[in-house]
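# Summary of the model geometry
Letter by letter, the chains look like this.
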Amino acid sequence: MWKRDRSPGLDRERLVALLPEVEYRRAPDEQQLFDEASLPASLPLMLKLDQEAEYLLCREVAERALGSVPEPDSLPG
């Protein structure tokens, strides 16, 4: 494992101490969604994806994995 050279004039701990503390608290209804949802259902919630953005993301992943994906209108049923 290699060690990165630090600049002699840079005090990282002091710089980090200057940053404001970040605290995130979920709203009660959001907490319930996370508690009851499975991991695949939680990821879109965490990313705040709407249904269309979730579809486009899944489609892009499928296209990369499979090479091509049929249009929804061309599927039987």
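Owing to the predicted nature of the structure, the values given are computational and were not obtained by experimental measurement. Along every chain, residues carry numbers that run from 1 in the direction the sequence is written. The predicted nature of this model means local features are confined to residues of pLDDT at least 70 and side-chain atom pairs, given and counted, to a pLDDT of 80 or more, with totals for whole chains, interfaces and linings taken over all residues. Here the side-chain values reflect all heavy atoms present in the structure, with hydrogen atoms and water set aside.

### Overview of the overall build of the protein chain
On a plain count of helices and strands, the protein chain comes out with four helices and zero strands. Going along the chain from the N terminus, every DSSP run of H or I of four or more residues is numbered as a helix, and every run of E of two or more is numbered as a strand. The helix and strand sequence of the protein chain, counted from the amino end, reads α-α-α-α. Burial classification: accessible surface area is computed with a 1.4 Å probe over protein chains only, and a residue below 20% of its type maximum counts as buried, one above 50% as exposed, and the rest as partly exposed. The buried share among the 77 residues of the protein chain stands at 6%. Carbon and sulfur atoms provide 58% of the accessible area of the protein chain, an area that totals close to 7600 Å². Areas reported here follow the Shrake-Rupley algorithm with a probe of radius 1.4 Å; residue values treat only the protein chains shown as occluding.

### Section: the confidence of the model for the protein chain
Looking at the protein chain as a whole, the pLDDT averages 76, with 75% of positions reaching at least 70. Each residue carries a pLDDT score, the predictor's confidence in it, ranging from 0 to 100. Looking across the protein chain, the model is least confident in helix 2 (residues 28-36), with a mean pLDDT of 68, and most confident in helix 4 (residues 51-66), with 87.

### So, helix 4
A rise of 1.5 Å per residue sets the reference length of helix 4, with its 16 residues, at 22 Å; its end C-alpha atoms lie 22 Å apart and thus fit the reference within 8%. Positive backbone phi, approximately 95 degrees, marks Gly67, located one or two places after helix 4. Under the convention used throughout, the expected extent of a helix is 1.5 Å for every residue step, that is, one less than its residue count.

### Brief notes about the pattern of salt bridges
Salt bridge criterion: a side-chain nitrogen from Lys or Arg within 4 Å of a carboxyl oxygen from Asp or Glu. Counted according to the given criterion, the structure contains three salt bridges. When the shortest N-O distance is used, the salt bridge between Arg59 and Glu71 registers 2.8 Å. Of the two residues, Arg59 is situated in helix 4 and Glu71 in the segment after helix 4; the sequence distance between them amounts to 12 residues. Arg59 sits in the buried class, given a relative accessible area of 13%. With a closest N to O distance of 3.5 Å, Arg64 and Glu60 form a salt bridge. Taken together, the positions of Arg64 and Glu60, both in helix 4 and four residues apart, correspond to about one turn of that helix. For Arg64, a relative accessible area of 70% translates into the label exposed. Here the salt bridges do not stand alone but share partners, grouping Arg59, Glu63 and Glu71 into one network.

### Focus: a nonpolar patch on the surface
Patch criteria: residues need more than 30% relative accessible area and no salt bridge. Like-charged residues are merged within 9 Å; nonpolar side chains of Val, Leu, Ile, Met, Phe, Trp and Tyr are merged within 5 Å. The grouping of Leu39, Leu43, Met46, Leu47, Leu57 and Val61 at the surface amounts to a nonpolar patch, some 580 Å² of accessible area in total. If you list the elements that add at least two residues to the nonpolar patch, you get helix 3 (39-47) and helix 4. With four residues, the top contributor of residues to the nonpolar patch is helix 3. Note on placement: Val61 falls in helix 4.

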